[in-house]
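Summary of the model geometry
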Amino acid sequence: MAGMSGKRLQKELAKIQGILPPGISLVSADDLREWQMDLTVPDNSIYPPDEKYRLRFHFSTNYPIEAPEVVFMLLSNPERKIPLHPHIYSNGIICLDLLDKQGWSPVHNVESVCISIQSMLASNTKAERPPGDAEFVRSNRSRPRDINFLYHDPTV
């Protein structure tokens, strides 16, 4: 990946290979197109403190102008589940304005996205999926960043 996107990602990768906030770790960044990060959720009884959740970041050549595509991954080895949250679908798609075309800003980066998702999980009070999860997972064919979610849920 060349140009602005490649330079930005190389700079971010150098930074996150150093010190990251507690509960966030780099798993892999074999290239500048896809990275994987693990998260744990502190101080929320819905999520066991030793349970790790895997995020996949996919970067386009328009990053950081365009948001990365970020989803939770379901893995069996090592075991990684999709966390229960009213804004996280069972296929790993995350409904978060930060990841939307309108909510994204180039000042954000991989670390700030991880912190936002970790914070979203830490403040969660409902161990449930979004309404219509099964239908959405069955019928959605759009890339996560192309989905027009509504972000008006003050109850979570």
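Residues numbered from 1 in each chain as written. Predicted model: local features only at pLDDT ≥ 70, side-chain atom pairs only at ≥ 80, totals over all residues. Heavy atoms only, no water.

The name an unreviewed UniProt entry gives the protein is Ubiquitin-conjugating enzyme E2 2, with Friedmanniomyces simplex as the organism. Regarding the protein, the relevant UniProt record gives this comment under Sequence similarities (unreviewed entry): "Belongs to the ubiquitin-conjugating enzyme family." (UniProt positions renumbered as here; feature names shortened; annotations may be inferred.)

Scanning the protein from N- to C-terminus turns up 3 helices and 6 strands. When the elements of the protein are put in sequence order from the N terminus, they spell out α-β-β-β-β-β-β-α-α. Counting every position in the protein, which comprises 156 residues, the buried fraction comes to 45%. Carbon and sulfur atoms provide 52% of the accessible area of the protein, an area that totals close to 8,400 Å². Where the 17 positive side-chain charges of the protein centre and where its 19 negative ones centre are 4 Å apart. (Helix = DSSP H or I, 4+ residues; strand = E, 2+ residues; numbered from the N terminus. Buried < 20%, exposed > 50% of the residue type's maximum accessible area, 1.4 Å probe, protein only. Areas by Shrake-Rupley, 256 points an atom, 1.4 Å probe, with all protein chains shown as cover. Lys, Arg positive; Asp, Glu negative; His and termini not counted. Charge placed at Lys NZ, Arg CZ, Asp CG, Glu CD.)

Now for the UniProt feature "active site" (unreviewed entry) in the protein. This chain's UniProt record puts "active site" (unreviewed entry) on Cys-95. Its place among the elements puts Cys-95 in the loop between strand E6 (79–80) and helix H2 (110–122).

So, on to H2. Helix length check: H2 (13 residues) gives 18 Å between terminal C-alpha atoms against 18 Å at 1.5 Å per residue, within 8%. Sitting at the amino-terminal end of H2 is Asn-109, which places a side-chain oxygen 3.0 Å from the backbone nitrogen of Glu-111. (Expected span 1.5 Å × (residues − 1). Polar contact = N/O pair within 3.5 Å; in protein donor to acceptor, adjacent residues only side chain to side chain.)

What follows is about helix H1 (residues 3–16). Its 14 residues place the ends of H1 20 Å apart at the C-alpha level, agreeing with the 20 Å of an ideal helix rising 1.5 Å per residue. All of the buried residues in H1 are Ser-5, Gly-6, Arg-8, Leu-9, Glu-12, Leu-13 and Ile-16. Along H1, the residues classed as buried sweep out an arc of 165° about the axis, all on the same side. Relative to its buried face, H1 has exposed residues pointing more than 90 degrees away, namely Met-4, Lys-7, Lys-11 and Ala-14. Of the surrounding elements, those touching the buried residues of H1 are strand E1 (24–28), strand E2 (34–39) and H2. (Arc of directions from axis to C-beta. Contact = heavy atoms within 4.5 Å.)

We now examine unusual backbone geometry. Omega for the peptide link from Tyr-63 to Pro-64 comes to 10°, which places this bond in the cis form. Structurally, Pro-64 is set in the loop between strand E3 (53–58) and strand E4 (69–73). Along the chain, Asn-77 connects to Pro-78 via a cis peptide bond; the corresponding omega equals 0°. For Pro-78, the location among the structural elements is in the loop between strand E5 (75–76) and E6.

One can find Asp-146 in the segment after helix H3 (133–139). In the structure, Asp-146 is positioned 33 residues away from Val-113 in sequence and 18 Å away in space, judged by C-alpha atoms.

Of all 6 residues in E2, 5 are buried; the element is thus mostly enclosed. Here E1 runs beside E2; their pairing, made up of 4 bridges, is antiparallel. Paired with Ser-25 across the bridge in E2 is Asp-38. Hairpin remark: E1 followed by E2, antiparallel, with 5 residues in the connecting loop. When E2 meets E3, the two strands line up antiparallel, connected through 6 bridges. Across the sheet, residue Gln-36 finds its bridge partner in E3, namely Arg-56. (Pairing = 2+ DSSP bridges.)

Turning our eyes to something else, we now look at the nonpolar core. By size, the foremost hydrophobic cluster in this structure holds 32 residues, and its most contacted members are Trp-35, Leu-55, Phe-57, Phe-72, Ile-94, Val-110 and Ile-117. Breaking this core down by element, the ones donating at least two residues are H1, E2, E3, E4 and H2. (Core = buried A, V, L, I, M, F, W, Y, C linked by side-chain atoms within 4.5 Å.)

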